[in-house]
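This is what each chain is made of:
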Amino acid sequence: MPFIQRLKEEFSFIKGNYAVLVVSWILLDFASEIPAVYYALYVLKLGATETIVGIIGLSQFLALASLQFPGGYIADKFGRKWIICTMTFGVALSYLFYALAPSWHFILIGAVLMAIFNSTYQPALMAMIADSLPPEKRGMGFGIVTLIGSASTTPGPVVASLLYSAFGLEYGMRVAYTIVVALFLAAAILRTFRLKETIKTAEKPSFKDLWRSYPTAVRETLGVWRKVPKSLFYLVWSVIIVQFGVSAVMLFFSVYAVNDLLIDGALWGILNIAAPITTIIFAIPIGKIVDKVNRKIPTLLAYGLFVFAMWFFVNGNVLLVLISLILVGAGQVMMNTGLSALMADLTPKMERGKVNAFMNFASFLFMALGNFVGGFLYEHVSHQLPFYIAIALVIPSFILTLILVKEPEKREE
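Residues numbered from 1 in each chain as written. Predicted model: local features only at pLDDT ≥ 70, side-chain atom pairs only at ≥ 80, totals over all residues. Heavy atoms only, no water.

Enquirer: Help me understand the overall build of the chain in this model?
Expert: Scanning the chain from N- to C-terminus turns up 20 helices and zero strands. Across the 413 residues in the chain, those meeting the buried criterion constitute 57%. At a minimum sequence separation of 6, the contacts of the chain that also span at least 24 residues come to 90%. Carbon and sulfur atoms make up 70% of the accessible area of the chain, which totals about 16800 Å². (Helix = DSSP H or I, 4+ residues; strand = E, 2+ residues; numbered from the N terminus. Buried < 20%, exposed > 50% of the residue type's maximum accessible area, 1.4 Å probe, protein only. Contact = heavy atoms within 4.5 Å. Areas by Shrake-Rupley, 256 points an atom, 1.4 Å probe, with all protein chains shown as cover.)

Next comes the structure, spelled out in structure tokens:
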């Protein structure tokens, strides 16, 4: 079979909703990555302390958690498209608070609004991706999502570094967030005109249903665990434990690198290219391994890579930080690809919105707590302690996944 023909058949699943979501993700990931490089330094510049940075994160994740149940319930009952498109517009406009903020208080408002809109549509988004991929291509499909996201985010740190060098921290970040608003609006428009609904029996949606359905949504989302395999429950909690540890340090990588390791601010932006480039290199090979060999092994390997990455970073210099970011990129693609495919395999189609909602709800609650604990410990106890906590929490997650998570004999459609 000619190479081109074989290539076309290999990637024939990239069409329809999946293709639209990939293209829109390119815009969103590229935009988001630009200000992310210097986010905590920007908030500190606007008058916050490390504890306040953690409190903003706490508020953001609590807001993210607040609408996961109705978001998942509505995704399964009323359909995926309308909630994805409407809420993408809301996320775009919430970033205006970041771009125009005269003080950290406006960052707090923007973070909460952005989180509310984001949390409402995330279960529908993940459900639509799973709906749009054939079971035998889920590893490749989620691997390509990671690949495309990383390819689009690779220029982000470079743009951030250039803005930092040209305008300084504060005004460079304001320009960065203006770019975010513009590209998020473009993605929202693309999704509105090109996505097609995947739930054919969906009822007609309305915003009133978002609030009226909350008690029913909570009850049905909690009850979904009677309908899915035990392995899925253990898999979800293994991820949540790791996310708590990561959230304790995620806001302070730039602060620790620039203020403690004394890495130049512009150089820090350039170093951030390492993770997405590594992800690009590994995305397709890992996706094929997940489809052909095993879903669980990449997730277990990712846990090990995160331990080494965190250790190198906290005890690092420029070279060790670079190695750390490379390991983070490799770990992310292994985790995202293996975990996403395995979750889709274990979850019945009509329950995916609710399963994603529960996972997001629990994750965001623990990440909210992690942000607060990390910020408090970073400011008042030790700059290194949150990193060591993140390392320690990988151990129980690894054991849970290794012993209690089993791959299904028959994958869900």
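Now that the structure is up, let's keep going.
Enquirer: Would you mind going over helix α2 (residues 16–36) with me for this structure?
Expert: Owing to its 3.6 residues per turn, the α-helix aligns residues three or four sequence positions apart on the same side. Under the 1.5 Å per step criterion, the end-to-end length of α2 is 30 Å for 21 residues, consistent within 8% with the ideal 30 Å. Burial in α2 covers these residues: N17, Y18, V20, L21, V22, S24, W25, L28, A31, I34 and P35. (Expected span 1.5 Å × (residues − 1).)

Enquirer: When you look at the packing of helix α14 (residues 253–260) against helix α17 (residues 296–314) in this model, what are you seeing that I'm missing?
Expert: To describe two helices that pack against each other, one gives the angle between their axes and the distance between the axes. Their axes nearest at 11 Å, the elements α14 and α17 cross at an angle of 30 degrees. Mapping the contact onto sequence places F253, Y256 and A257 in α14 and M310, F313 and V314 in α17. By residue class, the composition of the contact of α14 with α17 is six nonpolar, no polar and no charged. (Axes fitted to C-alpha atoms, helices over the stretch in contact; angles between N-to-C directions. Nonpolar A, V, L, I, M, F, W, Y, C, P; charged D, E, K, R; others polar.)

Enquirer: In this structure, what is going on with the packing of helix α4 (residues 50–66) against helix α8 (residues 104–132)? I would like to understand it.
Expert: The interhelical angle for the contact between α4 and α8, taken along N-to-C directions, is 25 degrees, at an axis separation of 7 Å. In this view, α4 runs roughly parallel relative to α8, as classed from their interaxial angle. The two elements α4 and α8 meet at a crossing, and its hand is right-handed. For the pair α4 and α8, the contacting residues are I52, I56, S59, Q60, A63 and L64 in the first and W104, I107, L108, A111, V112, M114, A115, I116, N118 and S119 in the second. Split into classes, the residues belonging to the contact of α4 with α8 amount to twelve nonpolar, four polar and no charged. (Parallel < 35°, antiparallel > 145°, perpendicular 65-115°, else oblique. Left-handed = near helix turned anticlockwise from the far one by under 90°.)

Enquirer: Help me understand the environment of L64, please; the structure alone is not making it clear to me.
Expert: With respect to the secondary-structure elements, L64 resides in helix α4. Given a relative accessible area of 8%, L64 falls into the buried group. C-alpha of L64 to C-alpha of F361: the two residues are 297 residues apart in sequence and 7.4 Å apart in space. Not counting residues within four places of it along the chain, the set of residues in contact with L64 comprises A115, N118, S119 and F364.

Enquirer: Where do I start with the pattern of salt bridges in this structure?
Expert: Any two side chains of opposite charge can pair, given that their charged atoms come close. Under the counting rule described, the total for this entry stands at one salt bridge. Here E170 makes a salt bridge to R174, at a shortest N to O gap of 2.8 Å. Taken as a pair, E170 and R174 lie in helix α10 (residues 155–194) at a separation of four residues, close to a single helical turn. Classification of E170 by relative accessible area gives partly exposed; the value is 22%. (Salt bridge = Lys/Arg side-chain N within 4 Å of Asp/Glu carboxyl O.)

Enquirer: Help me out: how do you make sense of the packing of aromatic side chains in this one?
Expert: Between two aromatic rings, the relevant description is the distance of the centres plus the angle of the planes. This model, assessed by the stated rule, comprises 21 aromatic pairs. Their ring planes at 65 degrees and their centres at 6.2 Å tell us that W268 and F313 sit as a pair that is edge-to-face. Of this pair, W268 sits in helix α15 (residues 265–271) while F313 is found in helix α17, placing the two residues 45 residues apart along the sequence. When sorted by exposure, W268 lands in the same class as F313, which is buried. (Phe/Tyr/Trp six-rings, centres within 6.5 Å; stacked < 30°, edge-to-face > 60°.)

Enquirer: Even after reading the chapter, I still don't get the confidence of the model for the chain, so can you show me in this structure?
Expert: In regions of low pLDDT, the predicted coordinates are not meant to be interpreted in detail. Averaged over all residues, the pLDDT of the chain equals 82, while 83% of them reach at least 70. Looking over the chain, one finds the lowest element-wise mean pLDDT in helix α1 (residues 3–10), namely 60, and the highest in helix α7 (residues 96–100), namely 94. (pLDDT = per-residue confidence, 0-100.)

Enquirer: What am I meant to see in the nonpolar core here?
Expert: Generally speaking, soluble globular proteins have nonpolar side chains that are buried together. The biggest cluster of nonpolar side chains holds 76 residues, and the ones touching the most others in it are Y39, Y95, I107, Y177 and W268. The leading source of residues in this core is α10, at eleven residues. Beyond its immediate sequence surroundings of up to four residues, Y95 is in contact with M114, Y177, V180, V181 and F184. With 31 residues, the next largest nonpolar core counts V239, V333, A362 and V394 among its residues. (Core = buried A, V, L, I, M, F, W, Y, C linked by side-chain atoms within 4.5 Å.)

Enquirer: I tried to follow a nonpolar patch on the surface on my own but got confused; where do I start?
Expert: A contiguous nonpolar surface patch, about 510 Å² in accessible area, is contributed by I395, F398, I399, L402, I403 and L404. When you line up the elements, F398 lands in helix α20 (residues 385–404). A relative accessible area of 32% places F398 in the partly exposed class. (Patch = residues over 30% accessible without salt bridge, like charges linked within 9 Å, V, L, I, M, F, W, Y side chains within 5 Å.)

Enquirer: So what exactly am I meant to see when it comes to the side chain of R174 here?
Expert: The class for R174 is buried, based on a relative accessible area of 15%. Here the side chain of R174 touches A99 through a polar contact of 3.1 Å, landing on its backbone oxygen. A polar atom in the side chain of R174 sits 2.8 Å from the side chain of E170. What R174 contacts, discounting residues up to four positions off in sequence, is Y42, L46, Y98, A99, L100, A101 and P102. (Polar contact = N/O pair within 3.5 Å; in protein donor to acceptor, adjacent residues only side chain to side chain.)

Enquirer: Would you explain unusual backbone geometry in this entry?
Expert: In most cases, non-glycine residues show a negative phi, while peptide bonds are predominantly trans. Here L262, not a glycine, exhibits a phi torsion of approximately 60 degrees, which is positive. Position of L262 relative to the elements: it lies in the loop between α14 and α15. Given the relative accessible area of 69%, L262 is considered exposed.

Enquirer: Mind showing me how you'd approach α10 here?
Expert: In this model α10 runs just 26 Å from its N-terminal to its C-terminal C-alpha over 40 residues, more than 12% under the 58 Å that 1.5 Å per residue would give. At G168, α10 shows its largest bend, some 120 degrees. (Bend = angle between axes of the 7 residues up to and from the residue.)

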